[in-house]
Amino acid sequence: MNQIERFFRRYILSTAGILILFFFVNVLLLIAFLTMTDLYNNTNSKAFSIEEFAEHLSYENGTWNADAQAMDMLESKNAWAMILDDSGQVIWEECLPEDLPRSYTVSDVAVFSKWYLDDHPVRVWTIDGGLLVTGFPPGTLVKQNFSLDISYVWVLLFSTAAVFFINLFLMLYLFLRNARRVEKAMKPILNGIRDLSAGKPVGLPENGELAEINASLNHAGKYMLEKDNTRAEWIRGISHDIRTPLSMILGYASEIEDTEDLPSQVRHQAGIIRKQSEKLKQMVADLNLTTRLEYSMQPLHPEQIDPVELARQVITDYLNSRQTDGFSFGFSEDNTGDNFFLTGDRTLLVRMLGNLIQNSITHNPEGCHIEISVGVQKERNTKKFDARCVVFTVSDDGKGMDETQMGRLNRPEKSGSIASDTREHGLGLKIVRQITEAHHGSIYYSAADPHGLTVTVTLPCQAK
Amino acid sequence: MSQLNPTTLLHKKILIADDETDLLEMLCSVFFRAGYTDVLTASSGEETLKLWREEHPDLIILDVMMPRTDGFTVLKEIRRTSRVPVLMLTARGEAEDRFTGFENGADDYLIKPFLPKELLFRVQALLKRAYPEPERKVYLAASMVDLEKAEVWKDGECTGLTAKELQLFEKLYENAGRIVTTGTLCSAICGEFWQGYESTLSTHIRHLREKIEENPSKPVSLITVKGLGYRLFTEEDGK
């Protein structure tokens, strides 16, 4: 999962978390509200309970009496009370409005016990020998009466839960869909920006709501590519144009250096011109190659290569064709008998090893021993159990490299500019890194024991 | 340099084609100083073809980028009827250019800027290959190897070389004084698929030493370079 996908996953998860949080907060608020209401009802002194009121009534000597507390209860609510006998006659009353009847039929009782008695909301309570009725002023109580089939109650409960969860899931689904759409629209743009930063070409579809942004990115990519190509072509042109004049400088300087009739000082000076011209020649070649590798203009010509023989040829070339006074070379094969081959561009790989050897020579002018080894090991960064990689190690016992510089060279990210990692080691090590990356390998710089520099290049390989 | 060139090779006719007259002047100077006596120059493709038809040079040094008719076109035209050795000497150093040169029949490809010595060594190698000496005898510290007859003369006795030993010796002789890697020697006698042939190579080397060295266990002509390969020293090379 890349950074963009991680960002959107985190965004979706955090929003889902917010929704769940809202759900629980609302449930808690509902519970709190219900608890508060219940508490209010229980503690409110003004609440009227007909059951409690009935306890304050007494029947003595054939008449009903209400005590003082019952009277207070009625007075506080501006209520009235009456007791009906089994025939519907009022046998006791207190504060009963004059306009209300004193006799009720069974149907009257049935109606007011459910609804109202002349707009007076009433409550009824059965007591020994009759029915206690308390009434309140019109508009002070709301009475609702309903009955439900038990199966309907279950359906109702289930439906309520279903509606709630359907809403929740619908909301989640719509949110995820929208987030996905945004991700889908944004992903190419973000990938385009990433490609731009890596100097790669950008080709986004110029349609849809974000077509303008895509078109701008395409334009920026094209512009950068054109600029890079122009720069690469310019370097290529310069390096090409300089070759013929440099050939003449090299040629004449060599001629003068080799002419025995000339004074030794003149020959010595010609030798300096020749050496500096050779350096210039190498710089031109390096600049051209690094530019081509930087802008992916150097096509690889892959072939199967024996890594041991490759290393042998590079060392042999050094010993055969260069002055190596003060330098000694050692070569070892770590896995003698193991037959593996690399698939790569021979010219570039020769250049890579040559540059590493040249680096040791250049930075140890007083001389040193250079040891080159080739081995095979299991590849760590792969799931293939039989994946192997070839390890080239170029080690010297010279003065080595300071840790800051080593850290800079070991940084995995691409520098993106020629200047950034060529401050002290020229283009040589940059080219080594570029060639290693072009072959999907890795490079690591470390201090040699007891002193010196060890460079380890790891490249994928296959069994023969 | 001249002592490395057999006299016969120094008399070979060399045609150098480049549109840079200053470079032509320098190259002429280099070749004359090296002992070559017959050097022609051409500054265009047309002139090169004209001189090639009229003068029949033994070797051509050809630039690629010349006005009107470029070097590759000239080379194609030459290759229609001739196998004359051609060395491409050009500022075009990309791999594709080199491949184009070899595809069109170039025998060697040298990229500018170059050291005059390198050019002379390459020309010498091309001439040696194209015009082999009728008598090819190699003098070593303890023996003489006749490459034509595949024979070794040591202490007045003649021993024959096997085909593999001869191939091996020729490869070492081509690079006399230089280290030749194990892989190069193996591929010289076994071809492209030489892997696993290293131990057999050691056997051939041992047999060769028995034939050419005074004391094969202490070789002085055919030296092992540990881990890398072998090096042949002839009497010409000295030590």
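All figures in this text were calculated on a predicted structure; none of them were measured in a lab.

Looking at helix 10 (residues 346-362) of chain A
Between its terminal C-alpha atoms helix 10 of chain A stretches 24 Å, which fits the 24 Å expected from 17 residues at 1.5 Å a residue. With a side-chain oxygen lying 3.1 Å from the backbone nitrogen of Thr-347 of chain A, the N-terminal cap of helix 10 of chain A falls on Asp-345 of chain A.

Some points on the pairing of strand 5 (residues 108-111) of chain B
All names here are of chain B. Here four bridges tie strand 4 (residues 86-90) to strand 5, and the two strands are oriented parallel to one another. Counterpart to Met-88 in the pairing with strand 5 is Tyr-109. Handedness of the strand 4-helix 5 (residues 95-103)-strand 5 crossover: right-handed.

Looking at the side chain of Lys-112 of chain B
As for its position among the elements, Lys-112 of chain B is in the loop between strand 5 and helix 6 (116-130). A polar atom in the side chain of Lys-112 of chain B sits 2.8 Å from the side chain of Asp-18 of chain B.

Some points on helix 7 (residues 243-258) of chain A
A rise of 1.5 Å per residue sets the reference length of helix 7 of chain A, with its 16 residues, at 22 Å; its end C-alpha atoms lie 22 Å apart and thus fit the reference within 8%. Where helix 7 of chain A is concerned, the buried positions are Arg-243, Thr-244, Leu-246, Ser-247, Met-248, Leu-250, Gly-251, Ala-253, Ser-254, Glu-255 and Glu-257 of chain A. Those residues of helix 7 of chain A that are buried lie in contact with helix 6 (211-241) and helix 8 (264-294) of chain A together with helix 2 (21-33), strand 5 and helix 6 of chain B.

Description of the sheet that holds strand 4 (residues 90-94) of chain A
Residues and elements named next belong to chain A. In space, the five strands of this open sheet follow the order 4-3-7-6-5, with antiparallel pairing throughout. The open sheet has two edge strands with one neighbour each: strand 4 and strand 5 (116-117). Where strand 3 (residues 80-84) meets strand 7 (residues 130-135), five bridges bridge the pair, whose relative direction is antiparallel. Paired with Ala-81 across the bridge in strand 7 is Thr-134.

A look at the packing of aromatic side chains
The final tally for this structure, using the stated rule, is 11 aromatic pairs over all chains. Between the aromatic rings of Phe-48 of chain A and Phe-53 of chain A, the centroid separation amounts to 5.7 Å while the plane-to-plane angle is 40 degrees, which identifies the pairing as tilted. Taken as a pair, Phe-48 of chain A and Phe-53 of chain A share a single burial class, namely buried. Judged by centre distance (5.2 Å) and plane angle (85 degrees), the rings of Phe-48 of chain A and Phe-136 of chain A are edge-to-face. Highlighted residues: Phe-48 of chain A in the loop between helix 1 (3-43) and helix 2 (50-55) and Phe-136 of chain A in the loop between strand 7 and helix 5 (150-197), separated in sequence by 88 residues. With respect to burial, Phe-48 of chain A and Phe-136 of chain A carry one shared label: buried. Within the aromatic cluster, the residues linked to one another by ring pairs are Phe-23, Phe-24, Phe-164 and Phe-165 of chain A. The side chain of Lys-12 of chain B reaches across the aromatic face of Tyr-131 of chain B, ending 4.2 Å from its centre.

As for the packing of helix 7 of chain A against helix 8 of chain A
Two packed helices can be described by the angle between their axes and the distance between those axes. All names here are of chain A. As a packed pair, helix 7 and helix 8 sit with axes 8 Å apart at the nearest point and diverge in direction by 155 degrees. The angle between helix 7 and helix 8 falls in the class roughly antiparallel. Considering the relative orientation of helix 7 and helix 8, their crossing is left-handed. Where helix 7 abuts helix 8, its residues Arg-243, Leu-246, Ile-249, Leu-250, Ala-253, Ser-254, Ile-256, Glu-257 and Asp-258 lie against Val-266, Arg-267, Ala-270, Gly-271, Ile-273, Arg-274, Ser-277, Glu-278, Leu-280, Lys-281 and Asn-288.

A look at the sheet that holds strand 7 (residues 144-146) of chain B
Residues and elements named next belong to chain B. Taken in spatial order, the four strands of this open sheet run 6-7-8-9, and their pairing is antiparallel. The strands lining the two open edges of the sheet, one partner per strand, are strand 6 (137-139) and strand 9 (157-160). Here the strands of the sheet are splayed against their neighbours by 20 degrees on average, with no regard to which way each runs. Where strand 6 and strand 7 come together, three bridges link them in antiparallel fashion. Bridged to Tyr-139 within strand 7 is Met-144.

Remarks on the interface of chain A and chain B
By a frequent convention, interface size equals the accessible area lost on bringing the separate parts together. Contacts between the two partners involve 32 residues from chain A and, on the opposite side, 35 residues from chain B. For the chain A face of the interface with chain B, the top three residues by lost area are Arg-243, Glu-255 and Asn-320 of chain A, together amounting to 19%. Between chain A and chain B we count one salt bridge in total. Among the salt bridges present, the one from Arg-33 of chain B reaches Glu-255 of chain A, with a minimum N-O distance of 3.0 Å.

Some remarks on the domain arrangement of chain A
Per the domain assignment, the segments of chain A are domain 1 (50-135) and domain 2 (299-414 + 426-463). Centre-to-centre separation of domain 1 of chain A and domain 2 of chain A, based on C-alpha positions: 108 Å.

A short note on unusual backbone geometry
Cis geometry is adopted by the peptide bond preceding Pro-450 of chain A, which originates at Asp-449 of chain A and carries an omega value of 0 degrees. Residue position: Pro-450 of chain A is located in the loop between strand 13 (442-447) and strand 14 (453-463). For the bond from Lys-112 of chain B to Pro-113 of chain B, the omega torsion is -5 degrees, close enough to zero to count as cis. Relative to the assigned elements, Pro-113 of chain B resides in the loop between strand 5 and helix 6. In this structure, Asp-119 of chain A takes a positive phi of about 70 degrees despite not being glycine. Residue class for Asp-119 of chain A comes out exposed when judged on its relative accessible area of 56%. The phi dihedral of Arg-68 of chain B is positive, around 60 degrees, even though this residue is not glycine.

Details of the side chain of His-56 of chain A
Residues and elements named next belong to chain A. If you trace the backbone, His-56 turns up in the loop between helix 2 and strand 1 (57-60). The class of His-56 is buried, set by a relative accessible area of 15%. There is a polar contact of 2.9 Å between the side chain of His-56 and the side chain of Asp-67.

Considering the confidence of the model for chain A
Per-residue confidence for chain A gives a mean pLDDT of 85, with 92% of residues at or over 70. Here helix 1 of chain A is the element of chain A with the lowest mean pLDDT, 83, and strand 3 of chain A is the one with the highest, 94.

So, how was this worked out
Residues numbered from 1 in each chain as written. Chains lettered and ligands numbered in written order. Predicted model: local features only at pLDDT ≥ 70, side-chain atom pairs only at ≥ 80, totals over all residues. Heavy atoms only, no water. Helix = DSSP H or I, 4+ residues; strand = E, 2+ residues; numbered from the N terminus. Expected span 1.5 Å × (residues − 1). Polar contact = N/O pair within 3.5 Å; in protein donor to acceptor, adjacent residues only side chain to side chain. Pairing = 2+ DSSP bridges. Right-handed = clockwise from strand over helix to strand, strands pointing away. Buried < 20%, exposed > 50% of the residue type's maximum accessible area, 1.4 Å probe, protein only. Contact = heavy atoms within 4.5 Å. Phe/Tyr/Trp six-rings, centres within 6.5 Å; stacked < 30°, edge-to-face > 60°. Lys NZ or Arg CZ within 6 Å of the ring centre and 35° of its normal. Axes fitted to C-alpha atoms, helices over the stretch in contact; angles between N-to-C directions. Parallel < 35°, antiparallel > 145°, perpendicular 65-115°, else oblique. Left-handed = near helix turned anticlockwise from the far one by under 90°. Buried area = accessible area lost by both parts, 1.4 Å probe. Salt bridge = Lys/Arg side-chain N within 4 Å of Asp/Glu carboxyl O. Domains from an automatic or database assignment. pLDDT = per-residue confidence, 0-100.

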